[in-house]
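# Summary of the model geometry
In case you want the letters, here they are:
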Amino acid sequence: EVQLVESGGGLVQAGRSLRLSCAVSGFTFKQYTVGWFRQAPGKEREGVSCLSISDGSTYYADSVKGRFTISSDNANNTVYLQMNSLKPEDTAVYYCAARLGSFVWRLYNDDEYNYWGQGTQVTVSS
């Protein structure tokens, strides 16, 4: 059974940092792309970043470039999203997702992912 479990969300002040984790299981880790999405109240789900596990290729939304970094710990089948210089507009439920495919050429849309975690809330206060 494919499972993705996010953790690390919380309430932080603007300018601070958080690191989200996505623990994955039930599939061959290196054969997938793992992405992070977020959804704020009343807004569409937005792609934040994605990572090819096999070659390390990454893509980021313009809104987070220079502030967020996606990475993986392949030994522990975990993908991270390091979020620095957080802004109130980063407030959202953050989801990790996985799709079959070892290479990343672009930031994939949410409908291109097959498996999703339950989400973790990130709230950034001003």
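A quick note: this is a predicted structure, and the numbers were derived from the prediction, not measured.

Bringing the pattern of salt bridges into the picture now. Per the counting criterion, the structure on display carries 6 salt bridges. In this structure, the salt-bridge partner of K65 is D62, at a minimum N-O distance of 3.1 Å. Judged by relative accessible area, D62 falls into the exposed class, the value being 67%. Between E112 and R106 there is a salt bridge, and its shortest N-O distance comes to 2.5 Å.

Right, let's get into unusual backbone geometry. A positive phi angle is found at N77, which is not glycine, with a value near 50°. Residue position: N77 is located in the loop between β7 (68–73) and β8 (78–83). Here N77 falls in the partly exposed class, since its relative accessible area comes to 25%. Despite not being glycine, S85 shows a phi value in the positive range, around 50°. Mapping S85 onto the fold places it in the loop between β8 and β9 (92–100). S85 sits in the partly exposed class, given a relative accessible area of 42%.

A few words on the state of the cysteines. In total, this model carries 1 disulfide according to the counting rule given. Bridging C22 to C96, the disulfide has an S-S length of 2.1 Å. One quick way to see it: the torsion about the S-S bond of C22 and C96 is about 70°, and its sign makes the bridge right-handed. Within this pair, whereas C22 is found in strand β3 (residues 18–25), its partner C96 is found in strand β9, the two being separated by 74 residues in sequence. A relative accessible area of 0% means that C96 is categorised as buried. There is no disulfide at C50, and the cysteine sulfur nearest it, in C22, is 13 Å away. For C50, a relative accessible area of 0% gives the class buried.

Further remarks concern the packing of aromatic side chains. Counted by the stated rule, this structure contains 7 aromatic pairs. Measuring from ring centre to ring centre gives 5.0 Å for F37 and W116, while their planes differ by 55°; the resulting arrangement is tilted. With F37 in strand β4 (residues 32–39) and W116 in strand β10 (residues 115–116), this pair connects stretches of sequence that are 79 residues apart. Given a relative accessible area of 2%, F37 falls into the buried group. A network of ring pairs unites the aromatic residues F37, Y95, Y108, Y113 and W116 as a single cluster.

In this structure, D110 sits in the loop between β9 and β10. A relative accessible area of 27% means that D110 is categorised as partly exposed. For the pair D110 and A98, spaced 12 residues apart in sequence, the C-alpha to C-alpha distance is 9.8 Å. Ignoring sequence-local partners within four residues, the contact set of D110 consists of F37, R45 and W116.

Parameters at a glance
- Residues numbered from 1 in each chain as written.
- Predicted model: local features only at pLDDT ≥ 70, side-chain atom pairs only at ≥ 80, totals over all residues.
- Heavy atoms only, no water.
- Salt bridge = Lys/Arg side-chain N within 4 Å of Asp/Glu carboxyl O.
- Buried < 20%, exposed > 50% of the residue type's maximum accessible area, 1.4 Å probe, protein only.
- Helix = DSSP H or I, 4+ residues; strand = E, 2+ residues; numbered from the N terminus.
- Disulfide = S-S within 2.5 Å.
- Phe/Tyr/Trp six-rings, centres within 6.5 Å; stacked < 30°, edge-to-face > 60°.
- Contact = heavy atoms within 4.5 Å.

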